[in-house]
Amino acid sequence: MEKKTKKVRQIDCKLITATVKKLFIKANTILGDDVVQALRSALASEESATGKQVLEKMIENANIACREKMPICQDTGLAVVFIEVGQDAHIVGGDLRTAIEEGVRLAYAEGFLRKSVCDPFTRKNTEDNTPAIIHIDIVEGNRLKIIAMPKGGGSENMSAAQMLVPAAGSEGIKKFVVEKVAHAGANPCPPVIIGVGIGGSLEEACILAKKALLRPVGEKNKRDERLAQMEKELYKSINDLGIGPGGLGGRISALAVNVEMMPCHIASLPVAVNIQCHVARHKELTI
Amino acid sequence: MGIPRKIHTPLTNEVIVSLHAGDMVLLNGEVYTARDVAHRRLYEALIKGETLPIDLSKAVIFYAAPAPTPPGKVIGSIGPTTSYRMDFFTPKLIENGLKGMIGKGNRSEEVVQAIKKHGAVYFGAIGGIAALTAQCVKKVELIAYEDLGPEAIRKLTIVDFPAIVINDAEGNDLYDQAQKKWRINH
């Protein structure tokens, strides 16, 4: 049977810019329901009195931010953008990257979001939070899926990748992840969400780890039972570290551990751990 | 734990020695924002013997850079950044009179020792609750390094800003103590 031909659809850059702008403002001011729910569950199960107070403040802060239309966190992040471009979508009225950058620029200016991007050497601020970090995938269809993910520097700084030897196996991976979270302690604003990327190459493991952070909090890996099991084990080991909310000690150090995997070279076992603070922000829209 | 104690800046030596790791406090008075680049500049000014834009001996430094101020607000969202990045510069600042710091996360051994030797205190604030903490800021004044944008030094007047003593002048470390207490060893 002949494959159904898809109708080529035009998508205007103006719409891309407007969507990116809207998503970054929304992501920075409205915490996802899944995260708020995870914080509420954490509050119910936390045994430390200080930990409970910290979690209460986090929930109260999310309410204030939403009501006042203020950023949940002053670190409104690097603008990470995941784009899935349908191969039958025809982008018109400009080029995709410029349209995305313009959306970021407008969001950070008009949304009163902090500009946190600078030259690595001079540390001079670029003053409009660009360049954005843009990951583009070509997929089936004629639509465009845009995911806006403001990523804070504090938790990103505690993230890491390592090329393990194949002999290290899943035990080696778990040891690496737990060590990184233990070392991070109070720094990345716990309770954290941990994205783990296994396999691929150095860069692919890092991208997998970041994509793992996009999964709704509380949802386990549905594709591979081995990974769902690893998530469960890591979640327990990390919460046993005692870091607690705000790093002030307690039962809840992580809200979730999400693991993704792909095949790798016969010589390698790449692993990346991307740490996300409790202000886990991402919003998406398909246009 | 218990009822938080109200503390006023500038911090006196009497107040500093009375603070212990784990004490909940509500900070009141003036504090100065300064983080990465501002620290480098303060440090370099000290090395060169130049006059600093702030009087360190009366200062409490808040490792923070706020979001822009929306219309009708005193300040945009503001909260602590991770403190360890300032560790290289901090002992020099403490030697030159700095008494208090507000941030989040662990300090280096050098900073902990400087806090102990010179009688200072490191307060932890909760990260990621910046819309809430912005409500404690009643006044903002730009002091120095305007070119750094959000990273400029600003004088904030704060009222009942919630914090917790992490490192006290006796050398105690709350993060270390609290996390050990809750750790489950395998």
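These numbers come from a predicted model, not from an experiment.

### A short note on the sheet that holds strand 8 (residues 254–264) of chain A
Residue and element names in this part refer to chain A.
Turning to step 1, where the next piece is worked out: A sheet is described by the order of its strands in space; here four strands give the open sequence 6-9-7-8, paired in mixed fashion. Single-partner strands in this sheet number two, and they are strand 6 (160–164) and strand 8. Averaged over all adjacent pairs, the angle separating strand axes in this sheet is 15°, with direction ignored.
Turning to step 2, where the next piece is worked out: Examined bridge by bridge, strand 7 (residues 192–200) and strand 9 (residues 269–276) share six bridges and lie antiparallel to one another. By the bridge assignment for strand 9, Gly 195 is matched with Asn 274.

### Some words on the packing of helix 2 (residues 33–45) of chain A against helix 3 (residues 49–68) of chain A
Residues and elements named next belong to chain A.
Turning to step 1, where the next piece is worked out: Where helix 2 meets helix 3, the axes come as close as 9 Å, and the angle between the chain directions of the two elements is 160°. With respect to helix 3, the element helix 2 is oriented roughly antiparallel. Handedness of the crossing formed by helix 2 with helix 3: left-handed. Across the interface between the two elements, Leu 39, Arg 40, Ala 42, Leu 43 and Ala 44 from helix 2 touch Lys 52, Leu 55, Glu 56, Met 58 and Ile 59 from helix 3.
Turning to step 2, where the next piece is worked out: A breakdown of the residues in the contact of helix 2 with helix 3 according to their chemical character gives seven nonpolar, no polar and three charged.

### Quick word on the nonpolar core
Turning to step 1, where the next piece is worked out: By size, the foremost hydrophobic cluster in this structure holds 97 residues, and its most contacted members are Leu 27, Ile 61, Ile 102, Phe 123, Ile 153 and Phe 161 of chain B.
Turning to step 2, where the next piece is worked out: Built from parts of two domains, this core gets at least three residues from each of domain 1 (9–29 + 72–151) and domain 2 (153–280) of chain A.
Turning to step 3, where the next piece is worked out: With residues up to four places along the chain from it excluded, the contact list for Leu 27 of chain B reads Ile 7, Ile 102, Phe 123, Ile 158, Val 159, Asp 160, Phe 161 and Ala 163 of chain B.
Turning to step 4, where the next piece is worked out: Residues Val 177, Val 192, Leu 241 and Val 273 of chain A belong to the second largest nonpolar core, which totals 25 residues.

### With respect to the state of the cysteines
Residues and elements named next belong to chain A.
Turning to step 1, where the next piece is worked out: Taken as a whole and assessed by the stated rule, the structure comprises zero disulfides over all chains.
Turning to step 2, where the next piece is worked out: You can see Cys 66 has no disulfide; the closest cysteine sulfur is in Cys 73, sitting 16 Å from it.
Turning to step 3, where the next piece is worked out: What makes Cys 66 partly exposed here is its relative accessible area of 39%.
Turning to step 4, where the next piece is worked out: In this model Cys 118 remains outside any disulfide bridge; the closest cysteine sulfur is found in Cys 73, 17 Å from its own.

### Points about helix 4 (residues 109–118) of chain B
All names here are of chain B.
Turning to step 1, where the next piece is worked out: All of the buried residues in helix 4 are Val 111, Val 112, Ala 114 and Ile 115. The arc that holds the buried residues of helix 4, viewed along the axis, is 160°, so those residues lie on one side. Relative to its buried face, helix 4 has exposed residues pointing more than 90 degrees away, namely Glu 109, Glu 110 and Lys 117.
Turning to step 2, where the next piece is worked out: Taken from the residues just after helix 4, Gly 119 is the one with a positive phi, measuring 70°.

### Comments concerning the side chain of Thr 133 of chain B
Residues and elements named next belong to chain B.
Turning to step 1, where the next piece is worked out: Inspection of the secondary structure assignment puts Thr 133 in helix 5 (residues 130–134).
Turning to step 2, where the next piece is worked out: There is a polar contact of 2.5 Å between the side chain of Thr 133 and the backbone oxygen of Ile 78.
Turning to step 3, where the next piece is worked out: For Thr 133, the contacting residues outside a window of four places in its chain are Ile 78, Gly 79 and Phe 161.

### Topic: the interface of chain B and chain A
Turning to step 1, where the next piece is worked out: With 45 residues of chain B at the contact, the number on the chain A side is 45 residues.
Turning to step 2, where the next piece is worked out: Summing the contributions of chain B and of chain A, the shared interface buries around 3,500 Å²; its carbon and sulfur component is 61%.
Turning to step 3, where the next piece is worked out: Between chain B and chain A we count one salt bridge in total.
Turning to step 4, where the next piece is worked out: With its nearest N and O atoms 2.2 Å apart, the salt bridge here joins Glu 68 of chain A to Lys 73 of chain B.

### Examining the packing of aromatic side chains
Turning to step 1, where the next piece is worked out: The full count for this structure, using the stated rule, is five aromatic pairs over all chains.
Turning to step 2, where the next piece is worked out: Residues Phe 24 of chain A and Tyr 108 of chain A carry aromatic rings whose centres are separated by 6.0 Å and whose planes lie at 55° to one another, so their mutual orientation is tilted. You can see Phe 24 of chain A sitting in helix 1 (residues 13–29) and its partner Tyr 108 of chain A sitting in helix 4 (residues 96–110), a full 84 residues away along the chain. The same class applies to Phe 24 of chain A as to Tyr 108 of chain A, namely buried.
Turning to step 3, where the next piece is worked out: Geometrically, the ring pair formed by Tyr 43 of chain B and Phe 88 of chain B is tilted, given 5.4 Å between the ring centres and 50° between the ring planes. In this pair, Tyr 43 of chain B is assigned in helix 2 (residues 36–48) and Phe 88 of chain B in the loop between strand 3 (60–62) and helix 3 (90–95), connecting sequence segments 45 residues apart.
Turning to step 4, where the next piece is worked out: Residue Phe 88 of chain B is classed as exposed on the basis of its relative accessible area of 58%.
Turning to step 5, where the next piece is worked out: An aromatic cluster of three or more residues is present, and its members are Tyr 43, Phe 88 and Phe 89 of chain B.
Turning to step 6, where the next piece is worked out: The aromatic ring of Tyr 145 of chain B is capped on one face by Arg 41 of chain B, whose charged end is 5.1 Å from the ring centroid.
Turning to step 7, where the next piece is worked out: Positioned above the aromatic ring of Tyr 122 of chain B is the side chain of Arg 107 of chain B, whose terminal nitrogen or guanidinium carbon lies 4.8 Å from the ring centre.

### Focus: helix 6 (residues 169–184) of chain A
All names here are of chain A.
Turning to step 1, where the next piece is worked out: Helix length check: helix 6, at 16 residues, gives a terminal C-alpha distance of 23 Å against a target of 22 Å (1.5 Å per residue), a fit within 8%.
Turning to step 2, where the next piece is worked out: Elements in contact with the buried residues of helix 6: strand 6, strand 7, helix 8 (225–239) and strand 9.
Turning to step 3, where the next piece is worked out: Immediately downstream of helix 6, the backbone of Gly 185 shows phi near 50°, a positive value.

### Let's talk about the environment of Glu 151 of chain B
Residues and elements named next belong to chain B.
Turning to step 1, where the next piece is worked out: Positionally, Glu 151 belongs in the loop between strand 6 (137–144) and strand 7 (153–167).
Turning to step 2, where the next piece is worked out: Considering only alpha carbons, one finds Glu 151 and Ala 38, 113 residues apart in sequence, at a separation of 6.9 Å.
Turning to step 3, where the next piece is worked out: In contact with Glu 151, not counting residues within four places along its chain, are Arg 35, Asp 36, Val 37, Ala 38 and Ala 65.

### Points about the sheet that holds strand 2 (residues 78–86) of chain A
Residues and elements named next belong to chain A.
Turning to step 1, where the next piece is worked out: Spatially, 4-2-5-10 is the arrangement adopted by the four strands of the open sheet, whose pairing is mixed. Pairing within the sheet leaves two strands with one partner each, and these edge strands are strand 4 (133–139) and strand 10 (283–286). Neighbour-to-neighbour, the strand axes of the sheet open up by a mean angle of 15°, direction not taken into account.
Turning to step 2, where the next piece is worked out: With four bridges connecting them, strand 5 (residues 144–151) and strand 10 associate as antiparallel partners. If you follow Ile 146 over to strand 10, its bridge partner there is Leu 285.
Turning to step 3, where the next piece is worked out: Strands strand 2, strand 5 and strand 10 of the sheet are contacted by helix 1, whose axis makes an angle of about 40° with strand 5.
Turning to step 4, where the next piece is worked out: Packing of helix 7 (residues 202–212) onto the sheet brings it into contact with strand 2, strand 4 and strand 5, and relative to strand 2 it is tilted by some 95°.

Rules of the game
Residues numbered from 1 in each chain as written. Chains lettered and ligands numbered in written order. Predicted model: local features only at pLDDT ≥ 70, side-chain atom pairs only at ≥ 80, totals over all residues. Heavy atoms only, no water. Pairing = 2+ DSSP bridges. Helix = DSSP H or I, 4+ residues; strand = E, 2+ residues; numbered from the N terminus. Axes fitted to C-alpha atoms, helices over the stretch in contact; angles between N-to-C directions. Parallel < 35°, antiparallel > 145°, perpendicular 65-115°, else oblique. Left-handed = near helix turned anticlockwise from the far one by under 90°. Contact = heavy atoms within 4.5 Å. Nonpolar A, V, L, I, M, F, W, Y, C, P; charged D, E, K, R; others polar. Core = buried A, V, L, I, M, F, W, Y, C linked by side-chain atoms within 4.5 Å. Buried < 20%, exposed > 50% of the residue type's maximum accessible area, 1.4 Å probe, protein only. Domains from an automatic or database assignment. Disulfide = S-S within 2.5 Å. Arc of directions from axis to C-beta. Polar contact = N/O pair within 3.5 Å; in protein donor to acceptor, adjacent residues only side chain to side chain. Buried area = accessible area lost by both parts, 1.4 Å probe. Salt bridge = Lys/Arg side-chain N within 4 Å of Asp/Glu carboxyl O. Phe/Tyr/Trp six-rings, centres within 6.5 Å; stacked < 30°, edge-to-face > 60°. Lys NZ or Arg CZ within 6 Å of the ring centre and 35° of its normal. Expected span 1.5 Å × (residues − 1).

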